[in-house]
Amino acid sequence: MVFSSITFLFRFLPIFMILYFAAPRRMKNIILFLGSLIFYAWGEPVYVLLMLFSTLSDYIHGRLIDKYRGKTAAKGLLISSIIINLGVLGFFKYSDFLIGTVNGLFGSSIPLLDLPLPIGISFYTFQTMSYTIDCYRGEAKVQKNILDFGVYVTMFPQLIAGPIVKYRDVEEQLHLRKPDITAISYGCCRFITGLAKKVLLANNLGLLWTEISGKNPSEITVLGAWLGAVAYAFQIYFDFSGYSDMAIGLGAMLGFHFPENFKYPYVARSITDFWRRWHISLSSWFREYVYIPLGGNRRGLPRQLLNILIVWMLTGIWHGAGWNFLLWGLWFALWLILEKLVLGRILKALPGVFGLMYTWLIVLVSWVFFAIESGAGALDYLYVMFGQGTAGLYDSPTLFLLLEYRVLLVLAAVAATPLVHLLAQALLHATGSVTVAIRRVLEKLIPAMLLLASVAYIVEASYNPFLYFRF
Amino acid sequence: MKLENDKLHAGMTVALFALVLLVFAVVDMAESDRLFSQTENRILAQRPKWSLESVLDGSYEREYENYATDQFVSRDTWVMLKTRMDILLQKKVIKGVYLAADGYLIEQHLPQEYDGELTDKRLDQLRQLTERYPQSLVMLAPTADNILTEKLPSHAVSYDQSRLMERVKGQIGEEHVIDLFPTLLEHREEYIYYRTDHHWTTLGAYYAYLEWARKVGYPPRDYDPQDLETVSDSFLGTLHSRINLPMEPDDIQIFPRTNRRSVKITYDFDRETSSYYEPSYLEDKNQYGYFLDDNHAFVEIETAYYADGKELFIIKDSYANSLIPILAPHYEKIYVLDLRYYNGSLFSLMDQYVTDDRVSVLVMYNCIHFLEDFSYR
């Protein structure tokens, strides 16, 4: 089930919330667990078994790691847990990619498995791994209650599109959550914000990208190509961060406190900065469980650069089983390494606007790789962006699209900055009685309007994609 | 005190959110389903039947989502809300319809959708037809986006139908072609296209008729646009349906003369009537169906005029429906074929009717329908 759907908003969510809040405290986890299974099974009924298997496997591994703590067996169990998780992920996500690559290299014709990718598998396997690893390291207590553990793995708010919640971040909340009306109210507003970002901004700008990228490259103008890339940049940001907002909001309603996943990445002044603001839960996962164990920056510069390369190859391939995603990761590794070596110091010396433009340029190019899966197609598109093999600088169709989307683009640009947030904060801390009264009205009126507007765009859904089926 | 206040207001926010979701959910589930949306002019998704198989492969869930969305409570209002927001966002094209100047809705036809191999195939079949029946004339009407260009939003792009006309002329010879561009462009300030529908008006059809008469060399009957009689002033057409905003409706007009004489019309070899017009449609949404009872595969018309035994075989789309009553007096019998509803062999059907030179052949489409629908076996 996806959040931006009638089934979720007007069937699942109301029924679930009534049951959840009506139930006595000791029943809440069982309702959350069963609700999450239904949420997942709606559309993926078979793979729910895979998720349950993964849950059971890591629950047992955790118990055993705890039992054999300090003995070599514990290490063996940790490795076994990681192998099972990566095995499941590898089998369902990367088999066909590997087979295709082998076939391509050796001219063999091993048949593809054609397995549909289980939704959210990359998110929940990473979550369960964080549990067994933390358990082994002694950074998280073993979870003896299988229901509490099941809730952690399957919890519907962040199940299908993150954020990747580390076990120790929610360890206590799994069995003790205090209902708090302010948190619930915050959760509602946060959820609606995310829904509006996804439905009003991402989906609509996605249409612009689809229209431009659907053309033959020779018919795209330079302006059109940039317009398309910007549209995609906004689409993926508002879609992805919108999902995270919805997850964080739903979590808050249930009494969970999930980590933030995005912090205005498009105001970043460098790629290093960008990755501190983009999909934070994934980069911090890789940082903690790959980069630092590999030695991080403690084993000299060459080793650090190698570690960066490894982490970003993995980051790339995490986003999808395809060469373009690997390339996408390597592209970032390249600039991160350059920034470590020289670029970072140069950027610091220059006015911030240069850093901003440089970051946008690198990121826009990266989205072309990311969005266009065939390498040749991505290259053709990039050529057009830089004036090669294009239909010209601009033409009437491009200008028409620019006019059609100008308001939406401006809104998106504003929404991608902390401006609205800062305004809200200023209003929140204002004390004049008139300002307070205005705030009281606005904090109800704006979410209500955004909710109704989003529902209208869902009901009249000409375009409402789920972008993470490859993650 | 402030803390208490904050809690109170937080509670109000939560209550508001819960209320919106709950009220719509309850009303939505209680409300009965509709089969058809008048405003959107389409059949809505119905409650899917579940089976173990369809649930397990996820198709039931997908169909359920379509169903829940299509049948969502007061869907029409949501659709209208969305359109209004699109307009607020300064969008000029909504669901393939330009919000043009002077209260016009004009259908969008993008070049990339109509250029290409399809055109070659259509032209090829058209050439075969005119070679077999040398008395054929081809009249392709440009759609509003090619004529009312001044009303389109700036930088709007349209498929250039005058280029299609040039290709048609090149393919089948100019002598077979009635080019409506000059006359319609000349009269573009007049009410020749409906503002809310993709058809031309009776006045538009009338100018086409004059052009046709010039081509075939008949003196045109003395219709006077001053005499046009308004039979409906509440026509909200197909383009309006897509946008679904309050708009000033169109008028449907006829030349009174065309309705004076009783004719004999046989629809699909079955139902007989005595008028070109079906007033029952004027009560309904699809008012253009007033002309020749909407769409039929085959219509036979005995005009009750004396025309020296001349007959006409028309292969056409709905644009012709408002033209046929005007040009009817020039023929004793008219056979009207709509290829969309006819699966048999075209030539074997035509050979039954087009027996000698007294029977003329007319291909009458708008350029877009021609590209979309003109194909035969």
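Please give an account of the overall build of chain B that cites residues and values.
When you go through chain B residue by residue, the secondary structure sums to 14 helices and 15 strands. Summarising its shape, the C-alpha atoms of chain B cover approximately 95 × 50 × 45 Å along the three principal directions. When burial is assessed residue by residue, chain B has 55% of its 377 residues classed as buried. Carbon and sulfur atoms make up 51% of the accessible area of chain B, which totals about 17000 Å². The distance from the centre of the 39 positive side-chain charges to the centre of the 62 negative ones in chain B is 2 Å.

Account for the nonpolar core, with residues named and values stated.
Nonpolar side chains in soluble globular proteins tend to be buried together. Residues F8, F156, F191, Y266, W278 and W367 of chain A are the most contacted members of the largest nonpolar core, which totals 163 residues. Take this core: its biggest share by element is 17 residues, from helix α10 (residues 222-254) of chain A. When neighbours within four sequence positions are excluded, F191 of chain A is seen to be in contact with F3, F8, L9, D245, M246, G249, L250 and M253 of chain A together with F17 of chain B.

If you had to explain the interface of chain A and chain B to someone new, which residues and values would you point to?
How big an interface is tends to be reported as the loss of accessible area on association of its parts. Tallying the contact residues gives 51 residues for chain A and 49 residues for chain B. Here chain A meets chain B over a buried area of about 4500 Å², counting both sides, of which 71% is carbon and sulfur. Between chain A and chain B we count five salt bridges in total. Two residues, D6 of chain B and R439 of chain A, come together in a salt bridge whose shortest N-O distance is 3.9 Å. The tally of links from chain A across to chain B stands at 14 residue pairs in polar contact (both at pLDDT 80 or more).

Account for the pattern of salt bridges, naming residues and giving values.
A full pass over the atoms with the stated rule returns 41 salt bridges over all chains. With a shortest N-O distance of 2.9 Å, K169 of chain B and D179 of chain B are connected by a salt bridge. Within this pair, whereas K169 of chain B is found in helix α8 (residues 161-172), its partner D179 of chain B is found in strand β7 (residues 177-179), the two being separated by ten residues in sequence. For the residue pair K169 of chain B and D179 of chain B, the accessibility class agrees, reading buried in each case. With a closest N to O distance of 3.3 Å, R358 of chain B and D356 of chain B form a salt bridge. Residues joined in a network through salt bridges with shared partners are D134, R137, E139, K166, R168 and E288 of chain A.

If you had to explain the sheet that holds strand β6 (residues 136-141) of chain B to someone new, which residues and values would you point to?
All names here are of chain B. An order of β7-β6-β15-β13-β14-β12-β10-β11 is seen for the eight strands of this open sheet, with the pairing classed as mixed. Each edge of the sheet is formed by a strand with only one pairing partner; in this case those strands are β7 and β11 (271-273). Along the sheet, successive strands turn relative to each other by an average axial angle of 20 degrees, direction set aside. Where β6 and β7 come together, three bridges link them in parallel fashion. Each bridged residue has a counterpart across the sheet, and for M139 the counterpart in β7 is I178. Each of β6, β13 (311-316) and β15 (359-366) touches helix α6 (residues 117-132); the most contacted strand, β6, lies at about 145 degrees to it. Most of the contacts of α8 go to β7, to which it runs at about 160 degrees, and overall it touches β6 and β7.

Go over the pairing of β13 of chain B, please, and point to the residues and values.
Residues and elements named next belong to chain B. Taking burial as the measure, the six residues of β13 include six buried ones, the bulk of the element. Burial of the side chains of β13 extends over both faces: E311, F313 and I315 are buried on one face and L312, I314 and K316 on the other. Across five bridges, the pairing between β13 and strand β14 (residues 333-337) is parallel. Paired with E311 across the bridge in β14 is K333. On the question of chirality, the crossover connecting β13 to the parallel β14 by way of helix α12 (residues 319-327) is right-handed.

Mind laying out the confidence of the model for chain B, listing which residues take part and the relevant values?
All names here are of chain B. Across chain B, the average pLDDT comes to 91, with 99% of residues at or above 70. By mean pLDDT, strand β2 (residues 42-43) is the weakest element of chain B at 78, and strand β9 (residues 250-254) is the strongest at 97. In the predicted assembly, ipTM is 0.84 and pTM is 0.87.

Got a sec to walk through a nonpolar patch on the surface? Specific residues and values, please.
Residues and elements named next belong to chain A. A cluster of nonpolar side chains, namely L301, L341, V342, I346, L350, V353, F354 and M357, defines an oily patch on the protein surface of about 700 Å² accessible area. Contributing elements (two or more residues each) for the nonpolar patch: α14 (323-349) and α15 (352-371). Structurally, L341 is set in helix α14. A relative accessible area of 32% places L341 in the partly exposed class.

Break down the environment of L361 of chain A for me, with residues and values.
Assignment of secondary structure puts L361 of chain A in helix α15. Aside from chain neighbours lying at most four places away, what touches L361 of chain A is W226 and F386 of chain A.

Procedures and definitions
- Residues numbered from 1 in each chain as written.
- Chains lettered and ligands numbered in written order.
- Predicted model: local features only at pLDDT ≥ 70, side-chain atom pairs only at ≥ 80, totals over all residues.
- Heavy atoms only, no water.
- Helix = DSSP H or I, 4+ residues; strand = E, 2+ residues; numbered from the N terminus.
- Buried < 20%, exposed > 50% of the residue type's maximum accessible area, 1.4 Å probe, protein only.
- Areas by Shrake-Rupley, 256 points an atom, 1.4 Å probe, with all protein chains shown as cover.
- Lys, Arg positive; Asp, Glu negative; His and termini not counted.
- Charge placed at Lys NZ, Arg CZ, Asp CG, Glu CD.
- Core = buried A, V, L, I, M, F, W, Y, C linked by side-chain atoms within 4.5 Å.
- Contact = heavy atoms within 4.5 Å.
- Buried area = accessible area lost by both parts, 1.4 Å probe.
- Salt bridge = Lys/Arg side-chain N within 4 Å of Asp/Glu carboxyl O.
- Polar contact = N/O pair within 3.5 Å; in protein donor to acceptor, adjacent residues only side chain to side chain.
- Pairing = 2+ DSSP bridges.
- Axes fitted to C-alpha atoms, helices over the stretch in contact; angles between N-to-C directions.
- Right-handed = clockwise from strand over helix to strand, strands pointing away.
- pLDDT = per-residue confidence, 0-100.
- Patch = residues over 30% accessible without salt bridge, like charges linked within 9 Å, V, L, I, M, F, W, Y side chains within 5 Å.

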